[in-house]
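Listed below are the residues making up each chain.
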Amino acid sequence: MISRLEHTEEHAAHRAAVRSFCEETIAPAVEGYDRAGEFPEPLLRAVGEAGFGGVAYPTDCGGGGLDFRSWAITIEELARSWKLLAGAVNVNGALVGYPIFTFGADWQRTDWLAPVLRGEAVSAFAMTELGAGSDAANMRTTAERDGDEWVLDGHKVWTTNGSIADLLVVVARTSDRGNKGLSLFGVPDPGGRDGVEVVRDIPCLEGPAALETELRLDGVRVPADHLVGEVDRGFRYIMEGLDIGRIGTAAQGVGVAQAAFEASLDYAGEREQFGRPIGEFEGVGFKLADMATRTEAARLLTLAAADARDRGERVTTQAAMAKVFATDAAMDIAVEAVQVHGGRGYSTDLPVERYLREAKGMQIYEGTNEINRLVVANRLFEARAAETASAETGEAASAAKADETDDAAKADETDDAAGDPDADEA
Ligand SMILES: Cc1cc2nc3c(=O)[nH]c(=O)nc-3n(C[C@H](O)[C@H](O)[C@H](O)COP(=O)(O)OP(=O)(O)OC[C@H]3O[C@@H](n4cnc5c(N)ncnc54)[C@H](O)[C@@H]3O)c2cc1C
């Protein structure tokens, strides 16, 4: 099982390449940026230049031509050094990248997506509003057609990297039909565009290097062809993008958990109290064992979801399971890492307190872990209902021995398996 998910030789080589890049380029610079509260734009550019900005996309749109397991491995390794960069790569590649790549025009892939994946531009995804968080379909931002343009009006919060973005993807209401009336719009060069106001970067637990932007859109005009895909289809695009994004967030959880575990293992081996390394005390050793076990389990769930996606499966349930498990594990492991380090873990001298700051956000974004649990629970009941319906139809079919009834049952099953993403989220 493990060898099928990871590693082919290519995956192992890819992990080694990303780790070596991270240890040479990112790790030595993290503390400086984090303490100064400065967004590490040069590091994000370096990630793209190294070819790690969107490895699962084709090379002709700035990607690496690899698979989603490689994508998960990349994000895990980036997060092991600095989650902030892994999060930015996930926004670029999943929330922004997936809809543009899958549903956007050719020119949008070339002009918008490729520079972002190559690290030449920063992107941001503006969906959440003050009154529309988990209940995203309640959003008030509107897009109205005016001749050859769309006019955007609204107020967004928590737009990661919104204040420095070269490309914003804005979710806006185009008709009054709940989640069936949302559309996506590309807004390039938002900083130089009339009507885009950066209200502030919201001060947050992760620290001032993290840019979580509040934005006001006041009569922002974009050409008609800046619509991504079709009008009113945005929610479906977002849900599909979230499947990828949640695999990426799960991978961030694995990376942070791994870093917190490694720091704890090292410290428990070196720090002596009562004449022995503290790791020799069962109270500490069991913490390390649990950290290692949960990190490995989180990695396997994440790679399993990525592997299913590589085989073309719909991964809504698996991605949500991986996201919940890995980010809850990261949070718990980060808390225990501080505990293993005692007073030093509570200080800002060591990075363990950063892992704790990072892990909390992961339980909230890409759907809170409560919403992701709802996604899993809804899918469980849907699957059970489909099984029951299929069994009943099968009995009727065998009683009637009618081939056409069989065919209809197969068609029903196919519809259920495809699911209705519009009904996924609370
Ligand atoms: C670090 C960070 C980065 C982010 N980046 C982005 C971004 O780039 N773009 C973007 O658009 N948004 C982003 N967000 C916003 C994020 O997606 C929302 O914060 C999230 O969806 C929750 O919305 P909310 O904050 O309004 O909380 P609410 O929806 O108000 O939820 C509050 C609490 O109620 C719970 N809750 C709500 N409904 C239910 C329910 N039906 N069942 C059970 N529990 C429920 C939630 O789980 C949560 O615990 C980011 C957030 C953070 C913290």
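Every chain is numbered on its own, with residues counted from 1 as its sequence reads. Whole-chain, interface and lining totals are the exception, using all residues; otherwise, since this is a predicted model, local features are given only for residues with pLDDT of at least 70 and side-chain atom pairs are given and counted only at 80 or more.

## Examining the packing of helix 3 (residues 41-49) against helix 4 (residues 68-103)
Helix packing for two helices is described by the angle between their axes and how far apart those axes are.
Phase 1 of the analysis: Lines fitted to C-alpha atoms define the axes, with helix axes restricted to the stretch in contact, and inter-axis angles between N-to-C directions lie between 0 and 180 degrees. Here a strand is any run of E in DSSP of at least two residues, a helix any run of H or I of at least four, and the numbering for each starts at the N terminus. Orientation of helix 3 relative to helix 4, taken along the N-to-C sense of each, is 90°, at an axis distance of 10 Å. The angle between helix 3 and helix 4 falls in the class roughly perpendicular. Along its contact with helix 3, which presents Leu43, Leu44 and Val47, the element helix 4 presents Leu78, Leu85, Ala88 and Val89.
Phase 2 of the analysis: Considering only residue class, the contact of helix 3 with helix 4 consists of 7 nonpolar, no polar and no charged. Orientation labels follow simple angle bins: below 35 degrees gives roughly parallel, above 145 gives roughly antiparallel, 65 to 115 gives roughly perpendicular, and whatever is left gives oblique. Any two residues are considered in contact once their C-beta atoms, placed from the backbone, lie within 7 Å. Note on residue classes: Ala, Val, Leu, Ile, Met, Phe, Trp, Tyr, Cys and Pro are nonpolar, Asp, Glu, Lys and Arg are charged, and everything else, Gly too, is polar.

## Focus on the site of the ligand
Phase 1 of the analysis: Among the 19 residues in the neighbourhood of the ligand, the closest are listed as Met127, Gly133, Ser134, Thr368 and Glu370.
Phase 2 of the analysis: Every element with two or more residues in the shell around the ligand is listed here: strand 1 (123-126), strand 3 (149-160) and helix 11 (369-400).
Phase 3 of the analysis: Residue classes in the shell around the ligand are distributed as 10 nonpolar, 7 polar and 2 charged.
Phase 4 of the analysis: Each of domain 2 (123-232) and domain 3 (236-372) gives at least three residues to the shell around the ligand. We count a residue as near a molecule or strand when its backbone-placed C-beta atom lies within 6 Å of that partner. The split of the chain into domains comes from an automatic or database domain assignment.

## Regarding the nonpolar core
Phase 1 of the analysis: Put simply, a nonpolar core is buried Ala, Val, Leu, Ile, Met, Phe, Trp, Tyr and Cys residues tied into one set by C-beta atoms within 7 Å. In this scheme every C-beta is placed from the backbone, and a residue whose C-beta has 20 or more other C-beta atoms within 10 Å is buried, one with 12 or fewer is exposed, and one in between is partly exposed. By size, the foremost hydrophobic cluster in this structure holds 120 residues, and its most contacted members are Leu85, Val170, Phe185, Ile247, Ala260, Ala330 and Ala334.
Phase 2 of the analysis: If you tally residues by element for this core, the top one is helix 4, at 20 residues.
Phase 3 of the analysis: Those residues within four positions of Ala330 in sequence are excluded, and the remaining contacts are Gly253, Val256, Ala257, Ala359 and Met362.

## Some words on the pairing of strand 4 (residues 167-173)
Phase 1 of the analysis: With 7 of 7 residues buried, strand 4 lies mostly within the body of the structure.
Phase 2 of the analysis: Of the two faces of strand 4, the one carrying Leu167, Val169, Val171 and Arg173 and the one carrying Leu168, Val170 and Ala172 are both buried.
Phase 3 of the analysis: As defined by bridge partners, strand 1 adjoins strand 4 across 4 bridges and the pair is classed as parallel. Bridge pairing in strand 4 links Phe125 to Val169. Each pair of strands is called paired provided DSSP finds at least two bridges between the two strands.

## Details of helix 7 (residues 282-310)
Phase 1 of the analysis: Compared with an ideal rise of 1.5 Å per residue, which puts 29 residues at 42 Å, helix 7 spans 41 Å between its outermost C-alpha atoms and is within 8% of the ideal.
Phase 2 of the analysis: The positive-phi residue at the C-terminal boundary of helix 7 is Gly312, with phi of around 85°. Helix span is expected to be 1.5 Å times the residue number reduced by one.

## With respect to the confidence of the model for the protein chain
Phase 1 of the analysis: Per-residue pLDDT for the protein chain has a mean of 92; in total, 91% of the residues score no lower than 70.
Phase 2 of the analysis: Per-residue pLDDT stays below 50 along residues 402-426; that stretch engages in 34 contacts with residues further than four places along the chain or on separate chains. Each residue gets a pLDDT score, which is the predictor's confidence in that residue and runs from 0 to 100.

## A word on the pairing of strand 7 (residues 212-223)
On a regular strand, each side chain points to the face opposite its neighbour's, so the side chains alternate between the two faces of the sheet.
Phase 1 of the analysis: As paired elements, strand 3 and strand 7 share 10 bridges and run antiparallel to each other. The residue of strand 7 that forms the bridge with Val151 is Arg221.
Phase 2 of the analysis: Looking at chain direction, strand 6 (residues 196-201) and strand 7 are connected through 5 bridges and run antiparallel. Looking at the pairing, Arg200 lines up with Glu214 of strand 7.

## Regarding helix 8 (residues 316-340)
Phase 1 of the analysis: If you check helix 8, its first and last C-alpha atoms are 36 Å apart, about what 25 residues at 1.5 Å a residue would give, namely 36 Å.
Phase 2 of the analysis: Just past helix 8, the residue Gly342 takes up positive phi, approximately 60°.

## Concerning the environment of Ile244
Phase 1 of the analysis: Structurally, Ile244 is set in helix 6 (residues 234-270).
Phase 2 of the analysis: Judged by the 26 C-beta atoms lying within 10 Å of it, Ile244 is buried.
Phase 3 of the analysis: Residues Ile244 and Ala306, 62 residues apart in the sequence, show an inter-C-alpha distance of 8.2 Å.
Phase 4 of the analysis: When sequence neighbours within four positions are dropped, the list of residues in contact with Ile244 reads Ala94 and Tyr98.

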